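Take a look at the letters that make up each chain.
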Amino acid sequence: MRVTIHGIKNCDTMKKARAWLDAEGVTHEFHDYKTVGITPVTLQAWVRKAGWEALLNRAGTTFRKLAEDQKQGLDEARAVALMLANPSMIKRPVLTKGDTLLIGFDPARYAALLKT
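Conventions used here
Residues numbered from 1 in each chain as written. Predicted model: local features only at pLDDT ≥ 70, side-chain atom pairs only at ≥ 80, totals over all residues. Heavy atoms only, no water. Buried < 20%, exposed > 50% of the residue type's maximum accessible area, 1.4 Å probe, protein only. Helix = DSSP H or I, 4+ residues; strand = E, 2+ residues; numbered from the N terminus. Arc of directions from axis to C-beta. Contact = heavy atoms within 4.5 Å. Pairing = 2+ DSSP bridges. Axes fitted to C-alpha atoms, helices over the stretch in contact; angles between N-to-C directions. Parallel < 35°, antiparallel > 145°, perpendicular 65-115°, else oblique. Left-handed = near helix turned anticlockwise from the far one by under 90°. Nonpolar A, V, L, I, M, F, W, Y, C, P; charged D, E, K, R; others polar. Salt bridge = Lys/Arg side-chain N within 4 Å of Asp/Glu carboxyl O.

How should I be thinking about helix H2 (residues 40-50) in this particular structure?
When we look at burial in H2, the residues that qualify are Leu-43, Trp-46 and Val-47. Here the buried residues of H2 occupy an arc of 100 degrees about the axis, which is enough to place them on one side. Residues of H2 that are exposed and point over 90 degrees away from its buried face: Val-41, Arg-48 and Lys-49. Turning to H2, the residues buried within the fold contact strand S1 (3-7), helix H3 (52-55), helix H6 (76-85), strand S3 (94-97) and strand S4 (100-103).

And the structure:
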């Protein structure tokens, strides 16, 4: 089953996750959603699985630079629109394997999913 790691090439957490995958011999594809983008269909599927709150990177620079009125009163539709317009607002990495979606890098969670 295909493993894809989604994120941004220069992100430190992405580098750690990709290094872990390589060290464990896990064949994977890399999707850079900052340069390639993300489709609304893919993002909506992730939102249905994990919730927009889990996907929105509120700690990142891009979100913090938003005007206060853009940050206030967020709902799913507004959050999805922000993430589509600014993919760096999506938490990373997002790892997909079949129907499974992992957000963030946790070696134990990766191992549990990928070593089965």
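Teacher, can you tell me more about the sheet that holds S4 here?
The strands that make up a sheet are held in pairs by hydrogen bonds between backbone atoms, and each pair lies either parallel or antiparallel. Strand order across the open sheet formed by four strands is S2-S1-S3-S4, with mixed pairing between neighbours. Of all the strands in the sheet, the pair left with one neighbour each is strand S2 (29-32) and S4. For this sheet, the mean angle separating the axes of adjacent strands, direction not counted, is 20 degrees. Relative to S4, H2 is tilted by about 85 degrees, and along the sheet it contacts S1, S3 and S4.

What exactly am I supposed to notice about the packing of H2 against H6 here?
To describe two helices that pack against each other, one gives the angle between their axes and the distance between the axes. At their nearest, the axes of H2 and H6 sit 11 Å apart, and the two run at 135 degrees to each other. Compared by their axis directions, H2 and H6 come out oblique. Along this stretch, H2 crosses H6, giving a crossing that reads as right-handed. On H6, the residues touching Pro-40, Leu-43, Gln-44 and Val-47 of H2 are Glu-76, Val-80, Met-83 and Leu-84. Here the contact of H2 with H6 is built from residues that sort into six nonpolar, one polar and one charged.

What is the right way to read the pattern of salt bridges from this model?
Charged atoms that come close allow side chains of opposite charge to pair. Going through the model one piece at a time under the given rule, you end up with three salt bridges. Its salt-bridge partner being Arg-2, residue Glu-29 comes within 3.4 Å of it at the nearest N-O pair. Linking Glu-29 in strand S2 with Arg-2 in the segment before S1, this pair joins segments that are 27 residues apart in sequence. In this structure Glu-29 comes out as partly exposed when scored by relative accessible area, which is 40%. Its relative accessible area of 57% is what places Arg-2 among the exposed residues. One salt bridge in this structure joins Glu-68 and Lys-71, with 3.5 Å as the shortest N-O distance. Of this pair, Glu-68 and Lys-71 are both found in helix H5 (residues 68-71), three residues apart, which corresponds to roughly one turn of the helix.

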